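# Structural overview for review
Spelled out from the first residue to the last, the chains are:
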Amino acid sequence: MKRILKNLIVPILFSLQSCAQKQTEVAQTSRVKLSDYTQSFVSLDSSRVALLNVKMFDGKGNPPKDSQTILIKDGKIFQIGNSDTLQVPDGFFQMNLSGKTVIPGIIGMHNHMRIPRSAMLSTSPKLYLAAGVTTIETCGTGNPYEELAIAKSIANGEQPGPEIINSGPYFTGPDGRQNFIRSTSEQMVRDTIRYWAQKGVKWLKVYTGTRPQDLKVIVDEAHKNNLKVTGHLCATTYAEAAEIGIDAIEHGFIHSYDHASEREIGTCVGNNDFRTNLAIESDEVKEVQQKLIKNGVALGSTLAIFEAQANVAADERDLEVMAPYHRAAYNTRKQRKQAQGDAWYFKEEWLTKSMAYELQFFKMGGLLVAGLDPGLHNMPGFGDQKNYELFVEAGFKPEEAIQVMTSNGAKLLERNDIGTIEEGKIANLVVLNGDLENNPKTIREVATVFKNGIGYDPKKLINSVKDNVGSETDNSMTYFGQKLPFNEPELFAPNIISKPNRHEFGCTFSKDGTEFYFGVDNNGVMEIHFSNLTDGVWSPQSKLFESDSISYNDPMFSPDQKRLYFISNRSLDGKKKEDIDIWYVERDSIESEWSEPLNLGLPVNSPLNEYYASFTDEGTLYFASKDKTEDAPRYAFDIYLSEYENGQFLKPEILPESINTNRYEADVFIALDESYMIFCSIRKNGLGQGDLYISFKDVDGNWTEAVNMGESINSDKHELCPFVSADGKYLFYTSNQDIYWVSTKILENYRK
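A short tour of the structure in this document, coming up.

### As for the state of the cysteines
All chains considered together, the criterion is met by one disulfide. Residue pairing for Cys 234: its cysteine sulfur links by disulfide to Cys 268, the two sulfurs lying 2.1 Å apart. Taking the sign of the S-S torsion, 95 degrees for the link of Cys 234 and Cys 268, the bridge is right-handed. Here Cys 234 is found in the loop between strand 15 (228-231) and helix 6 (238-244), whereas its partner Cys 268 is found in the loop between strand 16 (248-250) and helix 7 (274-277), with 34 residues between them in sequence. Counting only cysteine sulfurs, Cys 234 is the nearest neighbor of Cys 139, a cysteine outside any disulfide, at a range of 17 Å.

Below you can see the structure in the form of structure tokens.
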């Protein structure tokens, strides 16, 4: 490891590493700077790109054109023409796409960032983009603050994902769900709408309990604030909503309670037998559809979720990305459907009628848009692709299906810069491996997704979310939304924290998981970097201290979280000195700013080096200090403890020979309950430059002989800087200049 003075202990071998190679930038263009993390998913980053010999769907409903050339310049579509006649100017990176298809970026108009029981804050943006969805309207949310923050983060280039058109929380009637905004007061409803308009949402969604009188208030105030309103209706019929002025209605035919028998006006009560018995081509149905068209009301198709409900047949790709909990729920649901047979709650004919209803609405001139409404095994992005297949199955021409999924969405969003492949539009394009016109499943074969002219690799995006959609961390964004590890160590937060082009070491999370501090080697000067979790987004990493010469590292929280300890070669007058001490900053509360650095002082610090502070729940400090025996080798360190009484640390006590040797023992992490410790040691029987060892307290309160953690953790490189999360579930450590983590269940393997 290369840390303060520790680079003198053992020789360190550095290897050159590089990110996945990208095409050379031909000419620079002014655009948002992409973070290292976002760049890790980029396959083509050039300001001038020529897509040659490709079949093109323009998104306007026109039949596809063969052998087209599309020129992209500075993130926009520069020129389009026949490949035989359009000459590519100098300076364009050329891609021969013979045998492939290009469509506009999909615009998902019912594309939540959550599924029942969990949000998908980390995974859904990546999955949407991987599937060719470059713009989403979230269509109601239970995580409005998080989604607003994520939309801003994506727009700033901090993480990959589609452009997000944010919606606010759901509105419903006075007796609706408690986690929705219930219409109990007109003034409250109007104030709430103004509040969310100021926050930046563009859409509102009303839910089943919304009555006509509630909807009138919502639509009126929304339109005053330049917001649009869509609805999952029941207490209000489609015809009533159209007269009131709603902008869109979701789910097509399935919730058109205009046709329900035994219906009570203004309540979500009625017989849904119409879903089975009603003839789609009847005058009764067409009359309602014509009213929607006359009043300019768009219809939101969500065929993918209906297909998932009707058939309960997940694709392998869906199962690969789902978190284990949701995968198990799918298997249970599948078994239940098989057992119930014809009694299953969602009838297959409902899907068939929905497909016919939407085709009829489209042919009549209605504005049909589409989204997947994720849930069950209907995964973000994959469900959008499934929508295309279902549209074609329903009788839509391929070009019509693409129109519904692209330019129709842009029209409802009132966006003239996206949705079609035309000169001057933003270069949001999807390259498909194959001929989409003749094979609907080609929609799944995404080769490259261009967003703002930058090409993203769908395989990398999908691989980054496997087994994690809807997981605990996906829902909360703790641990940077990463998939939780099991018994095999995994690189922690690749390209976010653990980057191939820098050396990270030593980390600590706050107890609530919203603060992360870690060390970075900046050309021999050690720095402490940090990031905070706010509203579902981790802040860009910043340095805790600014210095060109003084090093700071080994951050560790105190048990009460009011202090952050670290080590530094800073002197009391703020200059650089020879030895290293333990320092800290403090604060009154988590909301407060950190103080100026304070030296821990005597009796812990000495004229020699002190490393790495770790604490028990009772405040006892464990740390390492230079071996103080007269004949100690220069690299020898020992581990000490210092009890904390009456606001003071007591004289340090050296740990027994079961822990310390005459060699190097440092970087000690002590369990909060003092039941075990993990530390780094350099010993003759080690596996590499430095290994992690573990010792447990026995029934008599003595430390057992330290055990090398073996090849499960250690390697021929240097393992150091252990840290265990406050809940005791995850061990973090540094290996080969990156941070790894693993489930602490592995620790039981070392208990004798």
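Alright, that's what it looks like, and here's the rest.
### Quick look at the sheet that holds strand 30 (residues 576-586)
Pairing is antiparallel in the open sheet, where four strands are placed in the order 28-29-30-31. Taken across any chain shown, the strands that pair with only one partner, and hence form the sheet edges, are strand 28 (552-557) and strand 31 (598-599).

### Notes on the pairing of strand 3 (residues 65-73)
Here strand 2 (residues 48-56) runs beside strand 3; their pairing, made up of six bridges, is antiparallel. Paired with Val 49 across the two strands is Ile 72, which belongs to strand 3. Where strand 3 meets strand 4 (residues 76-82), six bridges bridge the pair, whose relative direction is antiparallel. Residue Thr 69 lies in a different strand from strand 4, and its bridge partner there is Gly 81.

### Notes on a negative patch on the surface
A surface patch of negative charge is lined by Asp 617, Glu 618, Glu 643, Glu 645, Glu 653 and Asp 673. Along the chain, Glu 653 falls in strand 37 (residues 653-654).

### Points about helix 2 (residues 123-130)
Of all eight residues making up helix 2, eight are buried, and the element is well covered by its neighbours. Two residues or fewer past helix 2, Gly 132 is found with a positive phi of approximately 95 degrees.

### Description of the nonpolar core
Note that soluble globular proteins tend to have their nonpolar side chains buried in a common cluster. By size, the foremost hydrophobic cluster in this structure holds 167 residues, and its most contacted members are Phe 492 and Phe 732. Setting aside its immediate chain neighbours within four residues, Phe 492 contacts Tyr 479, Phe 480, Gln 482, Ile 497, Ser 498, Phe 509, Phe 516, Phe 732, Ile 739, Tyr 740 and Trp 741. Core analysis: the second largest hydrophobic core is formed by 16 residues, Met 56, Ile 70, Ile 72 and Met 95 among them.

### Details of the sheet that holds strand 22 (residues 490-491)
If you walk across this open sheet you meet the four strands as 22-44-43-42, and the pairing is antiparallel. Here the strands that pair on one side only, and so sit at the sheet edges, are strand 22 and strand 42 (719-724). Here strand 43 (residues 730-735) runs beside strand 44 (residues 738-743); their pairing, made up of six bridges, is antiparallel. Note that in strand 44 the partner of Thr 734 across the bridge is Ile 739.

### Let's talk about the side chain of Ser 354
Within the secondary structure, Ser 354 sits in helix 12 (residues 348-363). Setting aside residues up to four positions removed in sequence, Ser 354 forms contacts with Phe 253, Ile 254, Leu 303 and Phe 306.

### Regarding the environment of Thr 172
Within the secondary structure, Thr 172 sits in strand 12 (residues 167-172). Assessed through its relative accessible area of 2%, Thr 172 is described here as buried. The spacing of Thr 172 and Thr 208 is 36 residues in sequence and 6.6 Å in space, taken between C-alpha atoms. Thr 172 has contacts with Arg 177, Phe 180, Ile 181, Arg 182, Ser 183, Tyr 207, Gly 209 and Thr 210, leaving out every residue within four places of it along the chain. For Thr 172, the side chain forms a polar contact with the main-chain nitrogen of Gly 209, separated by 3.5 Å.

The rules we used
Residues numbered from 1 in each chain as written. Predicted model: local features only at pLDDT ≥ 70, side-chain atom pairs only at ≥ 80, totals over all residues. Heavy atoms only, no water. Disulfide = S-S within 2.5 Å. Helix = DSSP H or I, 4+ residues; strand = E, 2+ residues; numbered from the N terminus. Pairing = 2+ DSSP bridges. Patch = residues over 30% accessible without salt bridge, like charges linked within 9 Å, V, L, I, M, F, W, Y side chains within 5 Å. Areas by Shrake-Rupley, 256 points an atom, 1.4 Å probe, with all protein chains shown as cover. Salt bridge = Lys/Arg side-chain N within 4 Å of Asp/Glu carboxyl O. Lys, Arg positive; Asp, Glu negative; His and termini not counted. Charge placed at Lys NZ, Arg CZ, Asp CG, Glu CD. Buried < 20%, exposed > 50% of the residue type's maximum accessible area, 1.4 Å probe, protein only. Core = buried A, V, L, I, M, F, W, Y, C linked by side-chain atoms within 4.5 Å. Contact = heavy atoms within 4.5 Å. Polar contact = N/O pair within 3.5 Å; in protein donor to acceptor, adjacent residues only side chain to side chain.

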